[in-house]
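# Residue-level structure breakdown
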Amino acid sequence: MSVAVVIGAQFGDEAKGKISDYLAANYRYVVRTGGGPNAGHSVHLPEGNVVLHQLACGVLRKGVTGISGPGMVVNPFGLEAELQDLRERNLLKGDVVLSDRAHLLLPLHEIEDGWEEALRSSLARDSALGTTRRGIGPAYADRYGRWGIRLADLVRPNDLASRLEMLYARKAHLPGLPERADLQRSLTELGGRLAPLIRPTEPILWGAIDRDEPILLEGAQSALLDVDFGTYPYVTSSHPTSAGALVGSGIPPAELDQVIGVSKAYATRVGAGPFPTEVEGEIGDYLRREGAERGATTGRPRRCGWLDLLLLRYATRLNGFTSLAITKVDVLGGLEEVPVCTQYLTPSGETLTLFPPSSADDLARVTPVYERFPVWPAFTERLKERIRREGVHALPPALKRFLGFISEQTRVPVEWVSYGPRRDETLWLGRGAPTHLGPELSEWSG
Ligand code: IMO
Ligand code: MG
């Protein structure tokens, strides 16, 4: 039937979890393909709020299998706690499978992450990356340096012991490591408990493709945090792009038929790095407050700013988005106007429209050029109720024009709009909504 991937189109926290959870109702498998506990995917269920870090949101739905895939780095202690929490709250409705090829992220990596951040800071002011300190960079470095330990090793005590010994030798420079024997013991015990969930996931997904069962790849992080195509070095250590999702799941490229980019109607970023459309002061505080923009993983306040269409066009090309989901439009209702960045001016007077500078320093020096849109009304319960009843016809005209502008500028249809955190506050606008101004769009944008 179909393989679709949900990709963050900005700097993370676009509400990918919410969109993935909404879409998961139509899929048989949901797969996390990269990253680890740096992700925080919030899902607002009628029973309460859930933040998933290492489990795919499919685990929340009966009849769906949530796979933590091969491309991930998994903190097994955190993962067990996440499972336990869902079980206690009676929210673990789907099946859980953990790829045997996923790498273990250990306390050593968290210590190394903090140690590296301190080293960067000591070498030059403002040079820390502002990582989540979950050990992501060091765990991927060990993976590619071939020092890593995989979930498969967790259930093979002899392999675990010898690989742990090598890893400890490699990390001898780090202060405050836990006793190796203690870690080995607790990992072996944990391996025993997780063993029934750990298995090769490629045959499961290939079988699903053969049987025409739909698969949703749930991206974590985002295009602009990609280790190569993001704002290096202010990036994460994986490939949160559509190509990365294929590598991270073992699904061949030709099977992918839908690439869904998720973007907020404005923008946020956590951690350091260039953010051309950042706004501080009163408006920044407004977005942070109304959008509840606080990291779901670290609790850090998120930096806030306006939608950057140059970066969205770039993410669109890079990932091949076939449709967009625009989230948190309700947060902007109540402002006086909605600025949207359409191009940059460089210090040398050049205009950039499609492709951002590859250097983070150069990106930090551009001046964004804005178009300003009239704002739509606040999303009252009454308006939300009307949207639920009447669909696209009830969307405020100013919002339709804004969404139409995004489609026109990216040449990708906006297929979903999300206007609140709850599961039922997402509206499907229809397949193939027009990509540029034409008779259909003027009809559609009312
Ligand atoms: P979700 O999936 C937002 C950011 C960190 C930091 C940089 C590197 O919820 O969108 P890392 O710990 O990965 O080495 O940190 O990447 N970052 C995220 N920002 N959402 C995320 O995940 C993120 N995962 C990493 O803040 O700037
Ligand atoms: Mg998040």
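Here is a short report on the structure shown in this document. Throughout, a residue's number is its position along its own chain's written sequence, starting from 1. Chains carry letters and ligands carry numbers; both start at the beginning, A for chains and 1 for ligands, and go up in the order they are written. Local features are withheld for residues below a pLDDT of 70 in this predicted model, meaning they are given only at 70 or higher, and side-chain atom pairs are given and counted only at 80 or more; totals for whole chains, interfaces and linings count all residues. Side-chain metrics in this entry use all non-hydrogen atoms of the structure; hydrogen atoms and water are not considered.

## What about a negative patch on the surface?
In this analysis, a patch consists of residues with relative accessible area above 30% that form no salt bridge, clustered at 9 Å for like charges and at 5 Å for the nonpolar side chains Val, Leu, Ile, Met, Phe, Trp and Tyr. Per-residue accessibility takes into account occlusion by the displayed protein chains alone, with areas from the Shrake-Rupley method and a 1.4 Å probe. By definition here, a salt bridge exists when the distance from a side-chain nitrogen of Lys or Arg to a carboxyl oxygen of Asp or Glu is within 4 Å. Counting rule applied: Lys, Arg positive; Asp, Glu negative; His and chain ends not counted. Where a charge lies is defined by one atom per residue type, namely NZ (Lys), CZ (Arg), CG (Asp) and CD (Glu). A surface patch of like charges, here negative, comprises Asp210, Asp212, Glu255 and Asp257. Here Asp257 lies in strand S11 (residues 256–264). Helix and strand definitions here come from DSSP, where helices need a minimum of 4 consecutive H or I residues and strands a minimum of 2 consecutive E residues; each element is numbered from the N-terminal end.

## Some remarks on the coordination of the magnesium ion (ligand 2)
Note that water is not among the atoms used; donors are N, O and S atoms within 2.8 Å of the metal (3.2 Å for Na, K and Ca), so sites may look incomplete. Only Asp13 (OD) and Gly40 (O) from the protein coordinate the magnesium ion (ligand 2), and they sit 2.1 to 2.6 Å from it. Taken together, the residues span a long stretch of sequence, with Asp13 in the loop between strand S1 (3–8) and helix H1 (16–24) and Gly40 in the loop between strand S2 (29–32) and strand S3 (41–45) at a distance of 27 residues. A relative accessible area of 15% places Gly40 in the buried class. Exposure categories follow from relative accessible area, calculated using a 1.4 Å probe and restricted to protein chains: below 20% of the type maximum is buried, above 50% is exposed, and the middle band is partly exposed.

## Topic: the site of ligand 1
Around ligand 1 sit 21 residues in total, of which Asp13, Lys16, His41, Thr132 and Thr236 are the nearest. Pairs of N or O atoms are called polar contacts if they sit within 3.5 Å, as long as, within protein, a hydrogen donor faces a hydrogen acceptor (for residues adjacent in sequence, only side-chain-to-side-chain pairs). Within the backbone of Gln221, an N or O atom sits 2.9 Å from an oxygen atom of ligand 1. Coverage of ligand 1 by the protein chains reaches 97% of its 540 Å² of free accessible surface. Residue classes follow a fixed rule: Ala, Val, Leu, Ile, Met, Phe, Trp, Tyr, Cys and Pro count as nonpolar, while Asp, Glu, Lys and Arg count as charged, and any other residue, Gly among them, counts as polar. By residue class, the composition of the shell around ligand 1 is eight nonpolar, 10 polar and three charged. Near residues are defined by distance, with any heavy atom within 4 Å of the molecule or strand qualifying the residue.

## Quick look at helix H6 (residues 157–170)
Look at H6: 20 Å from first C-alpha to last across 14 residues, which is about the 20 Å you get at 1.5 Å a residue. Considered for burial, the residues of H6 that qualify are Leu160, Leu164, Leu167 and Tyr168. For H6, the buried positions fall inside an angular range of 100° around the axis, keeping them on one side. Across H6 from its buried face, at more than 90 degrees, point the exposed residues Asn158 and Ala169. On its buried face, H6 sits against helix H3 (107–123), helix H4 (136–145), helix H5 (151–154) and helix H7 (180–194). Between the first and last residue of a helix there are one fewer steps than residues, each counted as 1.5 Å, and that sum is the expected span. In this description, one arc is meant: the one made by directions from the helix axis to the C-beta atoms. By the convention used here, residues are in contact when the closest approach between their heavy atoms is within 4.5 Å.

## A few points about the sheet that holds strand S18 (residues 414–418)
Only strands that DSSP links by at least two bridges are regarded as paired with each other. As summarised here, the arrangement of the 10 strands in space is S9-S7-S5-S2-S10-S1-S11-S14-S18-S19, forming an open sheet in which the pairing is mixed. Looking along the sheet, the strands with just one partner apiece sit at the ends: strand S9 (198–199) and strand S19 (426–428). Note that S1 and strand S10 (residues 215–218) share four bridges and pair parallel. Looking at S10, one finds that Val3 is bridged to Ile215. Convention adopted: a line fitted to C-alpha atoms gives each axis, helices being fitted over their contacting stretch, and angles between N-to-C directions are expressed from 0 to 180 degrees. Of the strands in this sheet, S1, S2, strand S5 (65–68), strand S7 (95–99), S9 and S10 touch helix H8 (residues 202–210), which is tilted by about 140° from S2.

## Details of the nonpolar core
Residues Ile215, Leu287 and Phe402 are the most contacted members of the largest nonpolar core, which totals 59 residues. Looking at this core element by element, the count peaks at six residues for helix H14 (residues 397–410). In this view, Leu287 contacts Tyr266, Val279, Ala292, Glu293, Cys304, Gly305, Trp306, Val331, Leu332 and Leu335; residues no more than four positions away in its chain are not counted. We call a set of buried residues a nonpolar core when its members are Ala, Val, Leu, Ile, Met, Phe, Trp, Tyr or Cys and they connect through side-chain atoms within 4.5 Å of each other. Counting residues in hydrophobic clusters, the runner-up holds 47 residues, among them Val6, Leu108, Leu187 and Leu190.

## Quick word on the packing of aromatic side chains
Classification of ring pairs rests on two measures: the distance between centres of Phe, Tyr or Trp rings, Trp counted by its six-membered ring, which must be within 6.5 Å, and the angle between planes, read as stacked under 30 degrees, edge-to-face over 60 and tilted in between. Following the criterion strictly, the structure yields seven aromatic pairs and no others. When the centroid spacing of 4.7 Å and the interplanar angle of 55° are considered together, the rings of Phe373 and Phe405 count as tilted. You can see Phe373 sitting in strand S17 (residues 367–374) and its partner Phe405 sitting in helix H14, a full 32 residues away along the chain. Of the residues examined, Phe373 reaches a relative accessible area of 12% and is grouped as buried. Where Phe379 meets Tyr419, the ring centres are 5.7 Å apart and the plane angle is 25°; that geometry is what we call stacked. Here Phe379, found in the loop between S17 and helix H13 (381–390), pairs with Tyr419, found in the loop between S18 and S19; they are 40 residues apart in sequence, far enough to count as distant. On the accessibility criterion, Phe379 (11% relative accessible area) is buried. The buried category is assigned to Tyr419, whose relative accessible area is 1%. By the ring-pair criterion, three or more aromatic residues cluster together here, those being Phe373, Trp376, Phe402 and Phe405. Here, a charge over a ring is recorded when the distance from Lys NZ or Arg CZ to the ring centre is within 6 Å and its angle to the ring normal is within 35 degrees. When the ring centre of Tyr29 is taken as origin, the NZ or CZ atom of Arg28, which lies over that ring, is 4.7 Å away.

## Examining the side chain of Thr65
Within the fold, Thr65 resides in strand S5. By relative accessible area, which is 6% here, Thr65 ends up buried. Ignoring sequence-local partners within four residues, the contact set of Thr65 consists of Arg28, Tyr29, Val30, Asp95 and Val97.

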